[in-house]
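Analysis of the macromolecular model
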Amino acid sequence: MSVSWEQQDLFVSSSGANRTPRNGRGLVEPGCPVRISRFAAVDGIRELLIRKGEDGKIGIAVRHIEEGKILICAVLRRSPAYLAGLRYGDEVLSLEDEPLVGQTVDRVRELVRKNTRNSIKLRTKDKPGERYVTVVRDEEKGYGFRFVDGEITFVRANTSAQRQGLERKLQIIEVNEEVVVGTKDEDIEAIICGCDGGTVTLCVVPVKVYRQLFRRLSSISNDSLTLVEL
């Protein structure tokens, strides 16, 4: 029987258990009695054995896109999948050692239905070209960048944004790990301006990648025929 996420070992890595976490330290969630580490991806690939929660799921939803790929379209915060490092837009390469490239969502459902164990084995690939950029607000120059439809259009010289490598032709995917794809600019701005301490972390990808992949993912209708929860 599944146990709560607070009581179990939230996940184990099937290939990188002895590696250093990407952020160089353990991640400890408030009120959680276990020490959590987010294992680094190896060449963008993660191979994980993730234990299920009380509902029998690990906390993600996936969809199929035209290129024959299965992409993660939602990740529940603080779920085992989230703490394992899985994020919106990552590709699921295999489920229980079966390759998913070219497979349908019906096949994914079948594999999930057949899985009666207390864990799910996944091989995933981080979204292409992703970068995490942390920007500190300057009292005079602000955050030092502008965006239109989520796309960075201007970066002010001699600001934290420029020093951290933020540049034009990058699309904002997440703000402090909150997915903002399809969100209005004024709402993204409100999230940024509402950040505590004047520090914001953006996940950005090249605009070309966004237009080829993520925009189509976000435009798919939210119905049970195109979405599978794991």
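Right above here is the structure, for reference.
Quick look at the structure, then. Values in this document were obtained by computation on a predicted structure and should not be read as measured data.

Another aspect to go through is the packing of aromatic side chains. As enumerated under the stated definition, the model contains 1 aromatic pair in all. Relative to F147, the ring of F145 has its centre 6.2 Å away and its plane inclined at 35 degrees; by these criteria the two rings are tilted. F147 sits in the buried class, given a relative accessible area of 15%. If you follow R87 out to its NZ or CZ, it ends over the ring of Y82, 4.0 Å from the centre. Over the aromatic face of F154 sits the side chain of R146, whose NZ or CZ is 4.6 Å from the ring centroid.

The next point concerns the pairing of strand β7 (residues 119–125). As paired strands, strand β2 (residues 45–51) and β7 are joined by 7 bridges and run antiparallel to one another. Bridging from a neighbouring strand, R46 pairs with T124 of β7. Taken together, the 4 bridges between strand β5 (residues 91–95) and β7 define a ladder with antiparallel strand orientation. Considered in β7, the bridge of V92 is made with T124.

Once that is clear, we can look at a positive patch on the surface. Together, K141, R146, R156 and R163 give the surface a local cluster of positive charge. Relative to the elements of secondary structure, R163 occurs in helix α3 (residues 160–163). Its relative accessible area of 61% is what places R163 among the exposed residues.

Side chains that are nonpolar tend, in soluble globular proteins, to be buried together. Of all hydrophobic cores here, the largest spans 20 residues; its most connected members are I58, I60, V62, L95, V108, L122 and L230. Elements that contribute at least two residues to this core include exactly β2, β3 (60–64), β4 (70–75), β5, α2 (105–114) and β7. Broken down by element, this core gets its largest block of residues, 3 residues, from α2. If sequence neighbours within four positions are ignored, L122 has contacts with R46, E47, L48, I50, I58, I60, L86, V92, S94, L95 and L230.

Cut-offs applied
- Residues numbered from 1 in each chain as written.
- Predicted model: local features only at pLDDT ≥ 70, side-chain atom pairs only at ≥ 80, totals over all residues.
- Heavy atoms only, no water.
- Phe/Tyr/Trp six-rings, centres within 6.5 Å; stacked < 30°, edge-to-face > 60°.
- Buried < 20%, exposed > 50% of the residue type's maximum accessible area, 1.4 Å probe, protein only.
- Lys NZ or Arg CZ within 6 Å of the ring centre and 35° of its normal.
- Pairing = 2+ DSSP bridges.
- Helix = DSSP H or I, 4+ residues; strand = E, 2+ residues; numbered from the N terminus.
- Patch = residues over 30% accessible without salt bridge, like charges linked within 9 Å, V, L, I, M, F, W, Y side chains within 5 Å.
- Areas by Shrake-Rupley, 256 points an atom, 1.4 Å probe, with all protein chains shown as cover.
- Salt bridge = Lys/Arg side-chain N within 4 Å of Asp/Glu carboxyl O.
- Lys, Arg positive; Asp, Glu negative; His and termini not counted.
- Charge placed at Lys NZ, Arg CZ, Asp CG, Glu CD.
- Core = buried A, V, L, I, M, F, W, Y, C linked by side-chain atoms within 4.5 Å.
- Contact = heavy atoms within 4.5 Å.

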